[in-house]
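# Chains, contacts and geometry: an overview
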Amino acid sequence: MALQTKAVSSFNSVAPRPTRDEELSRRDESGLSRLGKKQVLKRRFGIISTLGLSTTLMLTWEGVLVYFGFGLANGGSAGLVTSFILSWFGFLAVMTPLAELASMAPTASGQYHWVFILAPKSTRKMMSYLTGWLSVAVWQSMVAMGGILTATLIQDLLVLNHPSAYTPQGWHGTLLIWATVVLAFLVNSILGRWLPKIEGFILYLHVIGFFAMIIPLVYLAKRVDATTVFTQWSNDGGWPTMGLAFFVGIITNVGPFIGADGAVHMAEETQNAAVVIPWNIIITIVFNGLLGLGMLLTILFCMGDLESAMESSMHYPFIEIFYKSTKSFVGTTLMTCIVLVLSYSATFGQFAGASRQLWAFARDRGPPMSNWLLLVNPKSFLPLNAVWTTCIISVILGLIDIGSEKALESVLSFTVSSWEAAAAFPLALLLWRRVTSRIRSRPFNVDDITMDGDSALVWGPWRVPEPLGTIVNIVGLCWIVITFFFSFWPSSTPVTSETMNFSILMTGFWFIFGAIYYLLIGRKVCTGSP
């Protein structure tokens, strides 16, 4: 009887089998621990919410509408179609190796952590630091760029509906930028716990808004023949050759793909990150590429009288095209408001990515005030100090709209060049590791990684088989070199102080300042990653 009672007691004391979510959480925490990081943020994001965040913050089909006028002047409609396809596949080649790295080391640190584990020991700390320094600039300027976009859209709507009563002023734009930034701050702080659900909802708006735009355009607009769309090239920028004009205008279709790594910086808040984040990156590029190409072809076939649209007093020719198509101020306003709402919504994800990247860099003592920036609120499990700092930086950057009507173009060029520089380091180092066979293919063992990063690397669960992986890596690196070079070019010749692209000055200053800060202060306090 005693033995039976003991057996029953032992049976009842058996621990319940962990649920799937609990197993994934333990695996995520274990994976983060082997990278030298401690789990402090709460994993609230799943595949749909991360997909919503990454696809909407990129503003791909919306960006096609916003930037296509610049591409028409340098390349024409044929150049726009060609450069979009090249940019689409070029970014897919760039992001595929980064997806492999995200599977190997799924951390909010992203590119600068990957540089640390891939680079030689003698240079890894400085290379990692400069990559993180550039990444901070990318994401902080991306929030400001979203604010500038929404501000100028509102001003264009006022010009459309009250042409004689409203004259846009720079300080108007700054106030509107601040309003956008404050709204994004509130969503990422007070509503931060519900951000995954908000991003999932915005994903549906992103798709519904796409069809809400193309259906009335296709139905109402006067068509342009296919020969004009696919064979018309232009060189209104005055460049010596058409080929050079095409490459100058290629930034038009590079900008809409910037931010494809947004989910990477949310990795420590995503369940099963080693699998979800890589797939999220690839799906985001493919999905947004399809929507972007569809919108580009629609607007090119429906653009009608292009000269009147380009000569419009508004910032963006697509609004004039909407009006010529619908013959209605109300219809044009409603269609533009769709782009406006999605631009507002994109800043939520941009703000989240910027604050997480800044927080991760502060965790490794990268930026000034790191001890304050790395703090996480114990109630919400959110990096609220980094969220506050992102808000303040964006408010300061919003002041540039007062003195420059070309602020969006300059910030876009700076964002593109800084992003590509930050992506070039891990891509080049991964290629070096590939060709020297310094990454193991066998299943991962926790003993393979040490805190000093000197041990052999092991591929994650998501990987492109060889030799395709190496080929894609090479193509992606070549694409970055080309687009990085042309991101500094002005839109037309001769170059004046008004047409000059100051992004080369901005990027150079930020990089040199980061290098000096590292040599004087950063190398003494930065712990590296891990």
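Scroll up to find the structure this text is about.
None of the values given here were measured: they were computed from a predicted structure.

## Concerning the environment of Ala99
With respect to the helices, strands and loops of the structure, Ala99 is situated in helix α5 (residues 76-104). Take Ala99: its relative accessible area is 0%, and that puts it in the buried class. The spacing of Ala99 and Arg463 is 364 residues in sequence and 8.1 Å in space, taken between C-alpha atoms. Not counting chain neighbours up to four residues away, the residues in contact with Ala99 comprise Pro278, Ile281, Ile282 and Trp462.

## Some thoughts on the pattern of salt bridges
In the structure shown here, the tally under the stated rule is six salt bridges. Across the salt bridge formed by Glu269 and Arg356, the nearest N and O atoms sit 2.6 Å from each other. Taken together, the residues span a long stretch of sequence, with Glu269 in the loop between α12 (251-254) and α13 (273-301) and Arg356 in helix α16 (residues 329-363) at a distance of 87 residues. Neither residue differs from the other here; Glu269 and Arg356 are each classed as buried. The closest approach of N and O atoms between Arg434 and Glu466, which form a salt bridge, is 2.7 Å. Taken together, the residues Arg434 in helix α20 (residues 407-435) and Glu466 in the loop between β2 (457-458) and α21 (468-486) connect sequence positions 32 residues apart. Salt bridges linked by common partners bring Glu100, Arg434, Arg463 and Glu466 together as one network.

## Looking at unusual backbone geometry
Backbone torsion omega between Glu466 and Pro467 reads 5°, so that peptide bond is classified as cis. You can see Pro467 is positioned in the loop between β2 and α21. Geometrically, the link from Thr493 to Pro494 is a cis peptide bond, its omega value of -5° lying close to zero. In this model, Phe381 sits at a positive phi of 55°, which is unusual for a non-glycine residue. One can find Phe381 in the loop between α17 (370-373) and α18 (384-397).

Rules of the game
- Residues numbered from 1 in each chain as written.
- Predicted model: local features only at pLDDT ≥ 70, side-chain atom pairs only at ≥ 80, totals over all residues.
- Heavy atoms only, no water.
- Helix = DSSP H or I, 4+ residues; strand = E, 2+ residues; numbered from the N terminus.
- Buried < 20%, exposed > 50% of the residue type's maximum accessible area, 1.4 Å probe, protein only.
- Contact = heavy atoms within 4.5 Å.
- Salt bridge = Lys/Arg side-chain N within 4 Å of Asp/Glu carboxyl O.

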